[in-house]
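Spelled out, the chains give:
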Amino acid sequence: MRWSGEPRDGCQLCSAERMTDWHFEDEACWVADCVVCATPMIVWRTHGLPDEDVERDLLARLEKVAEARYGREGFWIDPERRRIPDHWHAHARPAGGFFDPASPLYGASWRPRSSR
Ligand SMILES: [Zn+2]
Ligand SMILES: [Zn+2]
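Residues numbered from 1 in each chain as written. Chains lettered and ligands numbered in written order. Predicted model: local features only at pLDDT ≥ 70, side-chain atom pairs only at ≥ 80, totals over all residues. Heavy atoms only, no water.

J.: Help me understand the pairing of strand E5 (residues 89-94) in this model?
T.: For a regular strand, the rule is simple: side chains alternate between the two faces of the sheet. Of all 6 residues that make up E5, 6 are buried, and the element is covered over most of its length. Taken together, the 3 bridges between strand E3 (residues 40-44) and E5 define a ladder with antiparallel strand orientation. Paired with Met41 across the two strands is His91, which belongs to E5. In terms of strand pairing, strand E4 (residues 75-78) meets E5 through 4 bridges, oriented antiparallel. Directly across from Ile77, in E5, lies its bridge partner Ala92. (Buried < 20%, exposed > 50% of the residue type's maximum accessible area, 1.4 Å probe, protein only. Helix = DSSP H or I, 4+ residues; strand = E, 2+ residues; numbered from the N terminus. Pairing = 2+ DSSP bridges.)

J.: How should the environment of Phe99 be read in this particular structure?
T.: Along the polypeptide, Phe99 turns up in the segment after E5. Placed 60 residues apart in sequence, Phe99 and Thr39 show a C-alpha to C-alpha distance of 6.4 Å.

J.: Just checking my understanding: could you explain the pattern of salt bridges for this structure?
T.: It is possible for side chains bearing opposite charge to pair when their charged atoms get close. Throughout the structure, instances matching the rule amount to 10 salt bridges. Measuring nitrogen to oxygen at the nearest pair gives 3.5 Å for the salt bridge that ties Glu80 to Arg82. (Salt bridge = Lys/Arg side-chain N within 4 Å of Asp/Glu carboxyl O.)

J.: I tried to follow the nonpolar core on my own but got confused; where do I start?
T.: Counting 15 residues, the largest nonpolar core has Ile42, Leu58, Leu62, Trp88 and Ala90 as the members making the most contacts within it. Elements supplying a minimum of two residues to this core: strand E2 (29-33), E3, helix H2 (52-70) and E5. Element by element, the count of residues in this core is highest for H2, at 6 residues. Sequence-distant contacts of Ala90, that is, excluding residues within four places in its chain, are made with Pro40, Met41, Ile42, Leu59, Leu62, Asp78 and Pro79. Grouped together as the second largest cluster of nonpolar side chains are 14 residues, Leu13, Ala32, Val36 and Met41 included. (Core = buried A, V, L, I, M, F, W, Y, C linked by side-chain atoms within 4.5 Å. Contact = heavy atoms within 4.5 Å.)

J.: Looking at this structure, I do not really get the coordination of the zinc ion (ligand 1). What am I missing?
T.: Six octahedral donors at a metal ideally form angles of 90 or 180 degrees, and four tetrahedral donors ideally form angles of 109.5 degrees. The protein atoms that coordinate the zinc ion (ligand 1) are Cys11 (SG), Cys14 (SG), His47 (ND1) and His87 (ND1), at distances of 2.0 to 2.3 Å. Seen from the zinc ion (ligand 1), its 4 donor atoms lie at angles of 99 to 113 degrees, and the figure they make is tetrahedral. Of note, the donors binding the zinc ion (ligand 1) are all from one chain and are spaced C-x2-C-x32-H-x39-H. You can see Cys11 sitting in the segment before helix H1 (12-15) and its partner His87 sitting in the loop between E4 and E5, a full 76 residues away along the chain. Take Cys11 and His87: they sit in the same class, and that class is buried. (Donors = N, O, S within 2.8 Å, 3.2 Å for Na, K, Ca; no water. Tetrahedral: all angles 85-135°; square planar, octahedral: opposite > 155°, others 65-115°.)

J.: How should I be thinking about the coordination of the zinc ion (ligand 2) in this particular structure?
T.: Only Cys34 (SG), Cys37 (SG) and His91 (NE2) from the protein reach the zinc ion (ligand 2) as donors, at distances of 2.1 to 2.2 Å. Counting along the primary sequence, the residues that act as donors to the zinc ion (ligand 2) give the motif C-x2-C-x53-H. One end of the pair, Cys34, is in the loop between E2 and E3; the other, His91, is in strand E5, with 57 residues separating them in the sequence. For Cys34, a relative accessible area of 5% puts it in the buried group. With a relative accessible area of 6%, His91 lands in the buried category.

Listed below in structure tokens is the structure:
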């Protein structure tokens, strides 16, 4: 399958609605708190999947935000795209956890689920 890079109708990440705090943005991406997890989440502005070099660059931006929030060793990068697999994004999650303490789901079992 090929991705055109055009915004998709109905794609939550393409619409880039500011439902939570935004921590960073530039022409390539933005970093905001995930609506579900309340952890910092980076979203590529292009609908699709970047190549490795671009991905590394993007993750470096996310790590900066995550470091400011959780400390240098206080987070892990979760590259799995559970809800929106075809639009690149990644979460930074607190070490040993899945949700930020600000999330209503914090403390819930965080075994990754494949659907949702
Ligand atoms: Zn999209
Ligand atoms: Zn999330």
